[in-house]
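As a plain string of letters, each chain reads:
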Amino acid sequence: MGSQRRIALVSVVAAAALVALKLVTGLATGSLGLVSDALHSGTDLIAALLTLLALGVAGRPADPDHPYGHGRAEHLSALAEAAFLIVASLFIGGKALSHLLGRSTSDVHAAWYAILVVLVVIAVDASRTVVSWRGGRRYRSAALQANALHFGSDLVGSVAVLVGLSLVRAGHPNADSAAALFVAVLVLVAAARLVFQNASVLMDRDPAGPHETARLAIEGVEPAVHLRRLRLREGGGRHFADVVIGVPPGAAVGQGHSAADAVEAAVHRALPDSDVVVHVEPEVGDAAVRERAHAAAVGVPRVSEVHNLSVVTVEDAIEVSLHLKLPGELSLDEAHSVATEVERAIMAAVPEVERVLTHVEPLSQPLSGHRVPPRDADDDEQAVLRIVLYVTGRAPRDLRFVRSDQGLVVFLTLALDPTTTLAEAHARASEVEEQVRRERPQIVDVVVHTEP
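Described in the following lines is the structure provided in the data block. It should be emphasised that the depicted structure is a prediction, and the values quoted were computed from it without experimental measurement.

### Some thoughts on the overall build of the chain
Here's step 1: Helix and strand counts for the chain come out as 12 helices and 10 strands.
Here's step 2: In the chain, which comprises 452 residues, the proportion classed as buried is 41%.
Here's step 3: Within the chain, contacts between residues at least 6 apart in sequence are counted, and of these 67% link residues at least 24 apart.
Here's step 4: For the chain, the computed accessible surface area is about 23,900 Å², with 59% contributed by carbon and sulfur atoms.

Structure follows, in structure tokens:
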């Protein structure tokens, strides 16, 4: 027999002896406090039997039907115990209130042997509380820790009964019922705590303390890894960790495996006897995301052009923004449907992306027109030449005016220093375009081309 089961068996024997001792003495003296304490110990007897059964089940190794083992049998046992505690406490509280409100009478005989019995009970409660508490800490057993909690509440309840009997001997007959009511409240509090703790485990509630411990352990791994996801659950005193980490996209298989081993070892050190599964994924670079997102967007029907595609990382979340050019004859509702389809296509093609923002523009229609003779565009030409000289310091390499269906269009070629960066060239071209539009509002469009 294992150590945990021996501790549980001792608890069964102790609980049975205490139930008999309290019940016989309580009935002999008419003490509701002792009878209620006997019922409390009776629930502990049932709890101890459940614990013994649970430990026998929980100790079984994992099998195909229970790949995580059988540790949660302990938590089911603790919930069953809590149900018994609630029923008993309601019964005790009802009887005590009936006496205190005068609806029923009680005849308590606080004999010396009753006091002696309570003192013996207190000694036994104290010893089994300490034994179960130490066993629960040593083996990280939820069932044994639950027993320690209940035995501790028994100890406090027995002290209350002792005080009540002592006051009865001093001439206060209602003190026994008051002690019984106190025990009932004590049991209800213990039961509520048990329900919350064990239901949280059975519902896979992420344990905050162990989660933070594991996270810090992973973040301390050298060389550093990117923690993408950490999920933690517990059962039978063990923690089960599901970890996803990111490694550089160029890392070899061996490097990824070494990183996973390092993370697993770190979690084991932080949470001994834990079960850790580590999944390794390559880090996603902006270039790869942009390329996959662009391919997904242009693959959507009626998308004529995609430009200004940007990838932004916001608090470890990847967001994509892009401009879509769609046929100008589409209604706003139809254009919105196409944009929504693009957003879905990108998120399906690039699962790492959490949000997609689209800006819809009409596709420019082909224009027909004729070239404007120099004499007809003399004022406009002088204005454009002056603007180009001011912005670039050089005359334009080419300048043409075309009269289209929509109005006057300027085609302009700028000559820039070959060492000018692309960003600077774009800024110069944009400045020329902006100033031309501002000074010559009759010009409907400005097309600027830059050359070294």
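### Concerning the packing of aromatic side chains
Here's step 1: By the definition in use, this model includes 0 aromatic pairs.
Here's step 2: When the ring centre of phenylalanine 240 is taken as reference, the NZ or CZ atom of arginine 233 above it lies at 5.2 Å.

### Things to note about a nonpolar patch on the surface
Here's step 1: A surface patch of nonpolar side chains, about 570 Å² in accessible area, is lined by Leu21, Trp112, Tyr113, Leu116, Leu119 and Val120.
Here's step 2: If one sorts the elements of the nonpolar patch by residue count, helix H4 (residues 112-139) sits on top with 5 residues.

### Comments concerning unusual backbone geometry
With glycine set apart, most residues show a phi of negative sign, and most peptide bonds adopt trans.
Here's step 1: One non-glycine residue, arginine 302, lies in the positive phi region at around 75°.
Here's step 2: Tracing the backbone shows arginine 302 in the loop between helix H9 (286-298) and strand S4 (305-314).
Here's step 3: One non-glycine residue, asparagine 308, lies in the positive phi region at around 55°.
Here's step 4: Relative to the helices and strands, asparagine 308 is located in strand S4.

### Brief notes about the packing of helix H7 (residues 208-219) against helix H8 (residues 253-270)
If you want to describe how two helices pack, look at the angle between their axes and the distance between the axes.
Here's step 1: Viewed as axis vectors pointing N to C, H7 and H8 meet at an angle of 140°, and their least axial separation amounts to 9 Å. On the basis of their axis angle, the class for H7 and H8 is oblique. Seen along the crossing, H7 lies across H8 with a hand that is right-handed. Counting all contacts with H7, which are made through Thr213, Ala217 and Ile218, the residues of H8 involved are Val263, Ala266, Val267 and Ala270.
Here's step 2: For the contact of H7 with H8, the residue count by class is 6 nonpolar, 1 polar and no charged.

### Here's the deal with the sheet that holds strand S5 (residues 317-326)
Here's step 1: One open sheet accounts for 3 strands, arranged S4-S5-S6; its pairing is mixed. Looking at strand neighbours, the two that pair on one side only are S4 and strand S6 (353-362), the edges of this open sheet. Pairs of neighbouring strands in the sheet enclose a mean axial angle of 15°, with direction left out of account.
Here's step 2: Relative to S6, S5 is paired through 9 bridges, and the arrangement is parallel. Each residue of the ladder has a partner; that of leucine 322, found in S6, is threonine 358.
Here's step 3: On top of the sheet, helix H10 (residues 332-349) reaches S5 and S6; it is set at about 150° to S6, its chief contact.

### Points about the side chain of serine 274
Here's step 1: Checked against the element boundaries, serine 274 lands in the loop between H8 and strand S3 (275-282).
Here's step 2: The class of serine 274 is buried, set by a relative accessible area of 7%.
Here's step 3: A distance of 2.7 Å separates a polar side-chain atom of serine 274 from the backbone oxygen of leucine 271.
Here's step 4: Residues within four places of serine 274 in sequence aside, it is in contact with Arg238, His239, Val267 and His268.

### Brief notes about the pairing of S5
Here's step 1: The buried count for S5 comes to 7 of 10 residues, which makes it a mostly enclosed element.
Here's step 2: Taken together, S5, H10 and S6 constitute a β-α-β crossover, and its handedness is right-handed.

### Section: the nonpolar core
A general feature of soluble globular proteins is that nonpolar side chains tend to end up buried together.
Here's step 1: Ranked by internal contacts, the top residues of the largest apolar core, which has 23 residues, are Val303, Val320, Leu322, Leu324, Val342 and Ile346.
Here's step 2: Of all the secondary structure elements, the ones that give two or more residues to this core are H9, S4, S5, H10 and S6.
Here's step 3: Excluding its chain neighbours within four sequence positions, the residues that come into contact with leucine 322 are Ala297, Val306, His307, Asn308, Leu309, Val342, Ile346, Val356, Leu357, Thr358 and His359.
Here's step 4: Counting residues in each nonpolar core, the second largest holds 20 residues, with Ile218, Leu227, Ala260 and Val278 among its members.

### Looking at helix H12 (residues 422-439)
Here's step 1: Taking 1.5 Å of rise per residue, the 18 residues of H12 would be expected to cover 26 Å, and the 26 Å separating its terminal C-alpha atoms lies within 8% of that figure.
Here's step 2: Those residues of H12 not exposed but buried are Ala425, Ala429, Val432, Gln435 and Val436. Summarising the axial view, the buried residues of H12 lie within an arc of 130°, below the 170-degree limit, and thus occupy one face. Within H12, the exposed residues directed more than 90 degrees away from the buried face are Ala423, His426, Glu434 and Arg438.
Here's step 3: Looking at the buried side of H12, the elements it contacts are helix H11 (378-392), strand S9 (408-415) and strand S10 (443-451).

### Some details on the environment of alanine 429
Here's step 1: By secondary structure assignment, the location of alanine 429 is in helix H12.
Here's step 2: You can call alanine 429 buried: its relative accessible area is 12%.
Here's step 3: Along the primary structure alanine 429 and valine 388 are separated by 41 residues, whereas in three dimensions their C-alpha atoms are 9.2 Å apart.
Here's step 4: Contact partners of alanine 429, with chain neighbours within four places excluded, come to Leu414, Val448 and Thr450.

### Focus on the packing of H11 against H12
Here's step 1: At a closest axis distance of 10 Å, the pairing of H11 and H12 adopts a crossing angle of 145°. Note on packing geometry: the crossing formed by H11 with H12 is right-handed. Counting all contacts with H11, which are made through Val384, Arg386, Ile387, Val388, Tyr390, Val391 and Thr392, the residues of H12 involved are Arg428, Glu431, Val432, Gln435, Val436 and Glu439.
Here's step 2: Partitioning the contact of H11 with H12 into residue classes produces 7 nonpolar, 2 polar and 4 charged.

### Some details on the side chain of histidine 239
Here's step 1: Relative to the assigned elements, histidine 239 resides in strand S2 (residues 238-247).
Here's step 2: For histidine 239, the contacting residues outside a window of four places in its chain are Pro207, Pro210, Leu232, Arg233, Glu234, Leu271, Ser274 and Asp275.

### So, the environment of valine 263
Here's step 1: Looking at the element boundaries, valine 263 is found in helix H8.
Here's step 2: Relative accessible area serves as the criterion here: at 0%, valine 263 is assigned to the buried category.
Here's step 3: In this structure the C-alpha to C-alpha distance between valine 263 and valine 276, which are 13 residues apart in sequence, comes to 8.9 Å.

What counts as what
Residues numbered from 1 in each chain as written. Predicted model: local features only at pLDDT ≥ 70, side-chain atom pairs only at ≥ 80, totals over all residues. Heavy atoms only, no water. Helix = DSSP H or I, 4+ residues; strand = E, 2+ residues; numbered from the N terminus. Buried < 20%, exposed > 50% of the residue type's maximum accessible area, 1.4 Å probe, protein only. Contact = heavy atoms within 4.5 Å. Areas by Shrake-Rupley, 256 points an atom, 1.4 Å probe, with all protein chains shown as cover. Phe/Tyr/Trp six-rings, centres within 6.5 Å; stacked < 30°, edge-to-face > 60°. Lys NZ or Arg CZ within 6 Å of the ring centre and 35° of its normal. Patch = residues over 30% accessible without salt bridge, like charges linked within 9 Å, V, L, I, M, F, W, Y side chains within 5 Å. Salt bridge = Lys/Arg side-chain N within 4 Å of Asp/Glu carboxyl O. Axes fitted to C-alpha atoms, helices over the stretch in contact; angles between N-to-C directions. Parallel < 35°, antiparallel > 145°, perpendicular 65-115°, else oblique. Left-handed = near helix turned anticlockwise from the far one by under 90°. Nonpolar A, V, L, I, M, F, W, Y, C, P; charged D, E, K, R; others polar. Pairing = 2+ DSSP bridges. Polar contact = N/O pair within 3.5 Å; in protein donor to acceptor, adjacent residues only side chain to side chain. Right-handed = clockwise from strand over helix to strand, strands pointing away. Core = buried A, V, L, I, M, F, W, Y, C linked by side-chain atoms within 4.5 Å. Expected span 1.5 Å × (residues − 1). Arc of directions from axis to C-beta.

Such coordinate-based values are descriptive only and should not be taken to indicate function.
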